[in-house]
Amino acid sequence: RYHRCQHLSTRPYDNKEKTCMLSEYKEKYPLHPITLPRGSFRPKEACQMEPIPPMEGISTTKRDYITHQVLPRKLKPREKHIKSDKRMDLISTYKQDYNSYPLCQVPPCIPCVVRLIPSTKMDTKTTYTGDYVQWNEPKPKLVRPNDRFCPSEEKFDHSTTAQDDYHYRGPVATRSCKPLHVMQKNKAPFENRTSYRVNYVPHPLKKRYVHKSEKYKASKVPFDGLTTHKVSYKPLNGQPAKLAKPYQPKLLCDIPFSATTEFQEKYQAWPRLPVFTKKPVVYLPPLEKMDLHTTTQIHYKNPNGKPAKMYRSFAQLQRSTEPFTSSSIMKEDYKPWLCKPVKPITYAPNLTLPAKPMDCLTTFQTHYVPHPLIVTKSCKPGWSGPKHQSPLDDKTEYATSYTPKGIVKCLASYKNPPGYVFEGIDADGHAFYLPVSKSECL
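Throughout what follows, the structure given in this document is the object of discussion. Just so you know, these numbers come straight off a predicted model, no measurement behind them. (Residues numbered from 1 in each chain as written. Predicted model: local features only at pLDDT ≥ 70, side-chain atom pairs only at ≥ 80, totals over all residues. Heavy atoms only, no water.)

Digging into the overall build of the protein
Item 1. Scanning the protein for helices and strands turns up 13 helices and 2 strands.
Item 2. Of the contacts formed within the protein by residues at least 6 apart in sequence, a portion of 66% connects residues at least 24 apart.
Item 3. Carbon together with sulfur atoms contributes 59% to the accessible area of the protein, which is approximately 52300 Å² in total. (Helix = DSSP H or I, 4+ residues; strand = E, 2+ residues; numbered from the N terminus. Contact = heavy atoms within 4.5 Å. Areas by Shrake-Rupley, 256 points an atom, 1.4 Å probe, with all protein chains shown as cover.)

Observations regarding a nonpolar patch on the surface
Item 1. A contiguous nonpolar patch, built from Tyr128, Tyr132 and Phe324 and spanning about 370 Å² of accessible area, is present on the exposed surface.
Item 2. Relative to the helices and strands, tyrosine 128 resides in helix α4 (residues 127-131).
Item 3. A residue is classified by how much of its surface remains accessible, and tyrosine 128, at 46% relative accessible area, is partly exposed. (Patch = residues over 30% accessible without salt bridge, like charges linked within 9 Å, V, L, I, M, F, W, Y side chains within 5 Å. Salt bridge = Lys/Arg side-chain N within 4 Å of Asp/Glu carboxyl O. Buried < 20%, exposed > 50% of the residue type's maximum accessible area, 1.4 Å probe, protein only.)

Describing unusual backbone geometry
Item 1. We note that cysteine 360 has phi near 60°; this positive angle belongs to a residue other than glycine.
Item 2. Summarising the element assignment, cysteine 360 is placed in the loop between α10 (329-333) and α11 (363-367).

Quick look at the pairing of strand β1 (residues 420-425)
Item 1. The pairing of β1 with strand β2 (residues 431-435) spans 5 bridges and is classified as antiparallel. By the bridge assignment, phenylalanine 422 is partnered in β2 with tyrosine 433.
Item 2. Linkage of β1 to β2, two consecutive antiparallel strands, is achieved through a turn of 5 residues, within which glycine 429 is found at a positive phi near 90°. (Pairing = 2+ DSSP bridges.)

Some words on the pattern of salt bridges
Item 1. The tally for this structure, following the rule as stated, stands at 1 salt bridge.
Item 2. Across the salt bridge formed by glutamate 262 and lysine 266, the nearest N and O atoms sit 3.0 Å from each other. You can see glutamate 262 and its partner lysine 266 sitting in helix α8 (residues 262-266), 4 residues apart, about one turn around the helix.

Topic: the side chain of threonine 261
Item 1. Tracing the backbone through its elements, the reader meets threonine 261 in the loop between α7 (228-232) and α8.
Item 2. In this structure threonine 261 comes out as buried when scored by relative accessible area, which is 13%.
Item 3. A polar atom in the side chain of threonine 261 sits 3.3 Å from the backbone nitrogen of glutamine 264.
Item 4. The residues contacting threonine 261, other than those within four sequence positions of it, are Glu27 and Pro30. (Polar contact = N/O pair within 3.5 Å; in protein donor to acceptor, adjacent residues only side chain to side chain.)

Encoded structure:
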């Protein structure tokens, strides 16, 4: 069980010099792989679209708006300025059209109000009390008309009143009343001097300072090759540390090394079934033409419907001197209840507060008072018997029952292990042997 494989890899393209870390323990107790959950066998519901021909790379903008050759713009030559001998009149249209007039106070145009105060008393009755008089009639029964709507069979034209009344008459050409902008030339020459040119005088620029780098000069002192660590921390002469691990003799086993595990023998791979794939249904376009009529176009055809007639009888109003009662069926049937708010039930406090002030002491401070320590004496009796001079028996059950067994030599230490036939070597350099009984059967 302490055997380790120290073969190097014999693969032609694997140039690793690391030894194989395979051991008897790892073959007997291998690490089981982490099993992932089984995936779903349900087919993916992917959207299968019809084959569409590839889109051409020409858009409507590229097709309609073709690029034309743009030529450079021709600039007109500037006309030379010719000074005129006429003077500027400095008269504007405002001074010519809007002349000044003498100011005068305008008399008020508001007429005088004459108030006539009548001597008769005012009638305090409102039109509501005079017109709306209580009827002396019983409650009328509700006459509900038959509201069954019958739409007309005429076709709806889908035109609005704005489209019927307001017709488009085309654009109207208007004439601009804006006066023409006539430029008035100035006789005086244009002075091209600014405050920046007068105040800010250009000064000559100085030469830029360039820093000269010094040339490297090699040191004449030879390099000693010592660091501060080597100078400060000097090594001391000491002995190497001894290994404190106890010696364990190797135990050799006669059982051959098995390459198969119990998991590989019992749990074998199941055969996989082929994945079921459903063929897509071929799309067949309908042969009949689509009816583009909506439910609104079919049912609601006549927009000019007449309003519902009123079935209420126009009874002659008779004015009465009795006062108007504002009671209704709602007020007579549903009267408010005389409810009072329920007061909360509160109990008298049973706690009586003491008149003395609180001492702020806890139960631990009042009951557990510290006492002086008392040294207790031992009551164990002294051993007055004789002392045994015989030596202690150091034999245990383990030393008597479990005797050491003989050391069995490991089969891997033999060049050709007895009782086995050589089968072959794999790419990692491992030699495989079969028992003589199994090789004869094969």
